[in-house]
2 protein chains.
Amino acid sequence: MDYMIGVDLGTTSTKAVLYDDNCNVLGYANKLYPLYQDKPDMAEEDPNEIFDAVVDALTEVVRKADLQTGKLRGVSFSAAMHSLIGLDKNHQPITRVITWADNRAEKYADEYKKNGIGFELYKKTGTPTHPMSPLYKLLWLKNEHRDIYDDAAYWVGIKEYIFWRLFGVLKEEYSIASATGLFNIFNLDWDEQALEVTGVKREQLPELVDPLAQVTGMHDEYAKVIGIPTDTPFIMGASDGTLSNLGVNAIKPGVVAVTIGTSGAVRVVTDKPTIDPKGRVFCYALTKDKWVVGGPVNNGGIVFRWVRDQLFAPEKVTADMMNMDSYDLLTQIAKEIPAGSDGLLFHPFLGGERAPIWDANARGSFFGLTRNHTRAHMVRAALEGIVYNLYTVMLALEEVVGKPKEIMATGGFARSELWRQMLADIFESPVTIPDAFESGCLAAVVLAMKSIGTIDDLSEIEKFIGKTNTYQPNPDNFPVYRELVPIYIRLSRQLQTEYANIANFQRKFGNN
Amino acid sequence: MDYMIGVDLGTTSTKAVLYDDNCNVLGYANKLYPLYQDKPDMAEEDPNEIFDAVVDALTEVVRKADLQTGKLRGVSFSAAMHSLIGLDKNHQPITRVITWADNRAEKYADEYKKNGIGFELYKKTGTPTHPMSPLYKLLWLKNEHRDIYDDAAYWVGIKEYIFWRLFGVLKEEYSIASATGLFNIFNLDWDEQALEVTGVKREQLPELVDPLAQVTGMHDEYAKVIGIPTDTPFIMGASDGTLSNLGVNAIKPGVVAVTIGTSGAVRVVTDKPTIDPKGRVFCYALTKDKWVVGGPVNNGGIVFRWVRDQLFAPEKVTADMMNMDSYDLLTQIAKEIPAGSDGLLFHPFLGGERAPIWDANARGSFFGLTRNHTRAHMVRAALEGIVYNLYTVMLALEEVVGKPKEIMATGGFARSELWRQMLADIFESPVTIPDAFESGCLAAVVLAMKSIGTIDDLSEIEKFIGKTNTYQPNPDNFPVYRELVPIYIRLSRQLQTEYANIANFQRKFGNN
Ligand SMILES: Nc1ncnc2c1ncn2[C@@H]1O[C@H](COP(=O)(O)OP(=O)(O)OP(=O)(O)O)[C@@H](O)[C@H]1O
Ligand SMILES: Nc1ncnc2c1ncn2[C@@H]1O[C@H](COP(=O)(O)OP(=O)(O)O)[C@@H](O)[C@H]1O
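Reading the values: the criteria
- Residues numbered from 1 in each chain as written.
- Chains lettered and ligands numbered in written order.
- Predicted model: local features only at pLDDT ≥ 70, side-chain atom pairs only at ≥ 80, totals over all residues.
- Heavy atoms only, no water.
- Near = heavy atom within 4 Å.
- Polar contact = N/O pair within 3.5 Å; in protein donor to acceptor, adjacent residues only side chain to side chain.
- Areas by Shrake-Rupley, 256 points an atom, 1.4 Å probe, with all protein chains shown as cover.
- Helix = DSSP H or I, 4+ residues; strand = E, 2+ residues; numbered from the N terminus.
- Nonpolar A, V, L, I, M, F, W, Y, C, P; charged D, E, K, R; others polar.
- Buried < 20%, exposed > 50% of the residue type's maximum accessible area, 1.4 Å probe, protein only.
- Pairing = 2+ DSSP bridges.
- Axes fitted to C-alpha atoms, helices over the stretch in contact; angles between N-to-C directions.
- Parallel < 35°, antiparallel > 145°, perpendicular 65-115°, else oblique.
- Contact = heavy atoms within 4.5 Å.
- Buried area = accessible area lost by both parts, 1.4 Å probe.
- Salt bridge = Lys/Arg side-chain N within 4 Å of Asp/Glu carboxyl O.
- Core = buried A, V, L, I, M, F, W, Y, C linked by side-chain atoms within 4.5 Å.
- Least-squares fit on C-alpha atoms with pLDDT ≥ 70 in both.
- UniProt positions renumbered as here; feature names shortened; annotations may be inferred.

1. Points about the site of ligand 1
Residues and elements named next belong to chain B. In the region of ligand 1, 14 residues are neighbours, and Thr262, Gly301, Asp328, Gly412 and Arg415 sit closest. Measuring from an oxygen atom of ligand 1, one finds a side-chain N or O atom of Thr262 at 2.7 Å. Notes on ligand 1: free accessible area 650 Å², of which the protein chains cover 74%. Among the secondary structure elements, those contributing two or more residues to the shell around ligand 1 are helix H11 (301–311) and helix H13 (326–335). Across the shell around ligand 1, the residue classes break down as four nonpolar, seven polar and three charged.

Next comes the structure, spelled out in structure tokens:
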């Protein structure tokens, strides 16, 4: 038996999954590391802690493989997008990993939104004008941390740093590059204007390669620790955002992947770079001839968590005593309330919002309260609000890439029956949920299979995904949601000015 | 020692208080009766149940008086406004008491708002165009219950019915009359146009008298039961809405009374009838030369009750176990949150709203939510929202009668320290709270004292009110509330269209 390993470099942990030739899971490791948030808007990680996590995770799963009789045919990667690390001329980190969740560059994104340069760049890079983008992080460092900016000989992301440590090569594949804001998705090269505005030189950036590119020749010391030959092919892999579509087989045109984990996203694969004239959606490369177009939302399951912790703290204790998942208990409560929550609407923007409104000032609200509304209405309204928000992302996406044919759903939220049905009802479309486990790692391994030639086409992932469940929309609920969605959308437009005002108030007076 | 009795005919109970000459309280009785709400928007009472309650309450307090050595110098009344009862030609009720809270005439108020006749009438009657007004109740009966309308020989309110039962006279004083929508507050007579549109004839309405007018000659049977001479003077009294200003000595120009009980109001006394060119405030007669101008709000303490029952059900149980008032426990929680609730705004329109927006479709909302907001923020935001709403009523009132000089506060809400301070801070004005007990009954008795000549001027009530506490506004909180109030006001304006849309949805689909 031969083996493959998929590694997912996530924001809170690195996961590694060991597969056999048929993508059956043989082993799993998950290594956590902290997110440093000592200052408001900061969200950093330690590059060396992540490197250690990768080596540990690989070591752990390799131990489950019998490499005497079998062969490790490849190791492939999925990685969080938008990370930025400055390296000195000896390739030593002089910053931590500044992650996608870091908002300290907001001022620069705002400025570029206003002066129009942000949109000009977006049209070439596919990366929305937002502080998550390394382009704006570079502008922030250049203006506010000039010493670091001047000392940096190289700018890389976390995956590039891991490859550097393991192999001593500085390479960046198209997928991760396409989320930096510095990469032109039309000609697959760094963008001259982006380099110019940030003052970054080509020599400071890694060599661009195909996501299917292989690297071999691991430093002896690590190969020994991990327990694999130094010539084991490591496949560059791609970004988690794009691989999550592949991971649920949402790679045919018109197949939309809706993900709700802590945050959420709606994404679809296209066969050419696609730009939104209104700038609401991103376009990142999956491979050199497949692009993923979509919108990321801040307010996914994290909002459900807030509702649980704030409005249902006692029920959480009850669930614990019942040895029951507290989210399950809450969805059971929500199920007793009719679709539409008797006219209670919730806007889930507790953490500002990215797609589709791209407004860091957006705030959450309950609207339509009467004395007949109960706390149970509030939890159902919250779940519906999260879905309305994703639905509006899909409406934006539709304008750019056309009507979806099929919806695949993933993420922690998809564990709930109620939520799956709600997704089908609000989207008015069948929703398919794969049982798949760690679909990011699986997708990385499928890239590797293509790279080493065991499959011809990425769509062959279908046979590795296994069982799926499909939920049909319930026509009884259409009239309800068809009336509420337009109110939901109009409200978030009308409230825009007051979002800015209340956010200003909160910055000035609050600890919010 | 001589005695006086004040009776308050309320929506949920009738209260009677026995006083000595110096308005010291000697006895108290409270008789409850049900509110019938079998249909949506209906809110009725049984006139005979109320009559029995009045007799019972009087009987009970009279027993505490020593009428061998002392004399009962007078009994006087406060009564809920806007009630309507149809009597047949034998003065038998053919309807229940249709109370102020009954909304079934909404369609007719709406129609008259749109066609402008409502405003024309308001400018003469001082009664806002709203289903609470007997004028619109009559239009509703005329159009939808023609049999009742045709059978009615007389139209009266609850106080008139009580006097009829006790004395066999049909009299209505200016104060209650001025809240019927049928009464011209400028010439103190029924309004011709109002009679015309409702088709009601003068002969169908009681004789108009001064609130200080006395009636004697009680039917023997009741005088016997109650235990008083038949010649005891009964003073007509006035409406609870206008007496509540007298009851806290808010009768000098510029002294504003803010009341929050289940519902709420902001009121000021003027020495001439005063009309709002924007139609937002009422003007009712207190006596024949004093008028009360103000705005009633639906959403007072009842909103706090909703917050307690829905969001703080577990804490209510905790308070019960501690033998502590649950509202006290909640205000203690709210106190820990800074003024302004860290930028969480609450619009309290859970039951539509009367003043200042007069919009039955208005709905409640929480706005500005972030993940840092807790349930404790929600209770403080709710209390602040109730006060913002009253403050906007005062702003409307200010346009009509000028800046307030002093604020007196009453109602169940005034039991809370936190809320008194909040009122002072948001209104940016000292707030005085009398310790007085059942100020409606006290005010009725002070009317009686003027009627029988023991005082010259109503302002002498000051010496009977006793101890007061004054709360100074805290300037630390001004900047916070000065930023939030304009956002609060703009939001309720901007949301107007969506209030209508969500209310329509709720009528169509919900059980709300
Ligand atoms: N200790 C307290 N602290 C704060 N608020 C309180 C407290 N006690 C009662 N309240 C508020 O006052 C309201 C009741 O007020 P009140 O007793 O004046 O009612 P009511 O007589 O039914 O009202 P109304 O005069 O409008 O008919 C409650 O709903 C609650 O919101
Ligand atoms: N049983 C469940 N029912 C509904 N929602 C759930 C359930 N379990 C978890 N969730 C939601 O999923 C979120 C976590 O999703 P997950 O995909 O595990 O997170 P991450 O994005 O951090 O990987 C939680 O915040 C919660 O809102």
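2. Digging into the pairing of strand E18 (residues 290–297) of chain A
Residues and elements named next belong to chain A. In terms of burial, E18 is a largely internal element, seven of the eight residues being buried. Sheet topology places strand E16 (residues 264–270) next to E18; seven bridges connect them, and they run antiparallel. Following the sheet pairing, Arg267 is matched in E18 by Gly294. Sheet topology places strand E17 (residues 282–287) next to E18; five bridges connect them, and they run antiparallel. Bridge pairing links Phe282 to Gly294 in E18. Taking the residues that link successive antiparallel strands as the turn, the E17-E18 hairpin has two residues.

3. As for the packing of helix H13 (residues 326–335) of chain A against helix H14 (residues 375–401) of chain A
All names here are of chain A. Where H13 contacts H14, the two axes come as close as 8 Å, and the packing angle between them is 100°. The orientation of H13 relative to H14 falls into the category roughly perpendicular. Here Leu330, Thr331, Ile333, Ala334 and Lys335 of H13 come into contact with H14, specifically with Ala376, Val379, Arg380 and Leu383.

4. Points about the side chain of B:Thr259
All names here are of chain B. One can find Thr259 in strand E15 (residues 255–260). The exposure class assigned to Thr259 is buried, which follows from its relative accessible area of 16%. Among the polar contacts made by the side chain of Thr259, one reaches the side chain of Thr410 at a distance of 3.3 Å. In contact with Thr259, not counting residues within four places along its chain, are Ser244, Gly264, Ala265, Arg267, Leu390, Thr410 and Gly411.

5. Structural notes on the interface of chain A and chain B
Contacts between chain A and chain B engage 48 residues on the former and 47 residues on the latter. When chain A packs against chain B, close to 4500 Å² is buried across both sides, 61% of that on carbon and sulfur atoms. Where chain A touches chain B, the interface holds four salt bridges. Among the ionic pairs, A:Lys508 bridges to B:Glu483, the shortest N-O distance being 2.2 Å. Here chain A is connected to chain B by 23 residue pairs in polar contact (both at pLDDT 80 or more). For the side of chain A that touches chain B, the secondary structure elements donating two or more residues are helix H11 (301–311), strand E19 (345–347), strand E20 (364–369), H14, helix H18 (478–494) and helix H19 (496–509) of chain A. Its residues assigned to classes, the side of chain A that touches chain B shows 22 nonpolar, 18 polar and eight charged. Two elements, E20(A) and strand E20 (residues 364–369) of chain B, share five bridges in a ladder whose sense is antiparallel. Bridge pairing links A:Phe366 to B:Phe366 in E20(B).

6. Quick notes on the nonpolar core
Grouped together as the largest cluster of nonpolar side chains are 268 residues, with contacts concentrated most on A:Phe366, A:Phe427, B:Phe366 and B:Phe427. Contact partners of A:Phe366, with chain neighbours within four places excluded, come to A:Leu311, A:Leu344, A:Leu345, A:Phe346, A:Met378, A:Ala381, B:Gly364, B:Ser365, B:Phe366, B:Leu369 and B:Met378. Membership of the second largest hydrophobic core comes to 45 residues, among which are B:Val7, B:Ile50, B:Ala153 and B:Val209.

7. Side note on the environment of A:Trp100
All names here are of chain A. Looking at the element boundaries, Trp100 is found in the loop between strand E7 (97–98) and helix H2 (106–114). Sequence separation between Trp100 and Asn115 is 15 residues, and the spatial gap between their C-alpha atoms is 23 Å. Among all residues touching Trp100, those that are not within four sequence positions of it are Thr11, Met81, His82, Met132, Lys137 and Arg354. In terms of polar contacts, Trp100 uses its side chain to reach the side chain of Thr11, at 3.0 Å.

8. As for the site of ligand 2
All names here are of chain A. Around ligand 2, 13 residues are found, and the nearest of them are Thr262, Gly301, Asp328, Gly412 and Arg415. In this structure, Asp328 approaches ligand 2 through a side-chain N or O atom, which is 2.9 Å from a nitrogen atom. Between ligand 2 and the protein, one listed contact pairs a nitrogen atom with a side-chain N or O atom of Arg415 at 3.1 Å. In isolation ligand 2 has 580 Å² of accessible area, and contact with the protein removes 75% of it. Every element with two or more residues in the shell around ligand 2 is listed here: H11 and H13. Among the residues making up the shell around ligand 2, the classes are represented as four nonpolar, six polar and three charged.

9. Brief notes about the relation of the copies chain A and chain B
Its rotation angle being 180°, the transformation that places chain A on chain B also includes 0.1 Å of axial translation and leaves an RMSD of 0.2 Å. On this basis, the relationship between the two copies can be described by a two-fold rotation axis. In terms of C-alpha distance to the rotation axis, chain A has A:Phe366 as its closest residue, with the C-alpha 2.5 Å off the axis. A share of 98% of interface residues in chain A that are also interface residues in chain B marks the association as one of identical surfaces.

10. What about the UniProt feature "domain: Carbohydrate kinase FGGY N-terminal" (unreviewed entry) in chain A?
On the UniProt side, "domain: Carbohydrate kinase FGGY N-terminal" (unreviewed entry) is annotated at positions that read residues 3–247 of chain A here. Overall, residues 3–247 of chain A shows 36% helix and 24% strand. The separation of its end C-alpha atoms is 19 Å.

11. Remarks on the sheet that holds strand E14 (residues 234–239) of chain B
Residues and elements named next belong to chain B. Here we have six strands laid out as an open sheet, ordered E3-E2-E1-E5-E14-E13, and mixed in their pairing. Looking at which strands have only one partner, the edges of the open sheet turn out to be strand E3 (25–32) and strand E13 (214–215). Two elements, strand E1 (residues 3–9) and strand E2 (residues 13–20), share seven bridges in a ladder whose sense is antiparallel. Its bridge partner lying in E2, Ile5 is registered against Leu18. On top of the sheet, helix H1 (residues 47–62) reaches E1, E2, E3, strand E5 (72–79) and E14; it is set at about 155° to E3, its chief contact. Lying over the sheet, helix H6 (residues 158–167) contacts E1, E5, E13 and E14, oriented at roughly 170° with respect to E14.

12. Quick notes on the pattern of salt bridges
Residues and elements named next belong to chain B. One pass over the structure, following the stated rule, counts 54 salt bridges over all chains. For Glu60, the salt bridge is made with Lys31, and the minimal N-O distance between the two is 2.6 Å. One end of the pair, Glu60, is in helix H1; the other, Lys31, is in strand E3, with 29 residues separating them in the sequence. On the accessibility criterion, Lys31 (23% relative accessible area) is partly exposed. Here Asp189 makes a salt bridge to Arg202, at a shortest N to O gap of 3.0 Å. Highlighted residues: Asp189 in strand E11 (residues 189–190) and Arg202 in the loop between helix H8 (192–198) and strand E12 (207–209), separated in sequence by 13 residues. By relative accessible area, Asp189 is classed as partly exposed at 26%.

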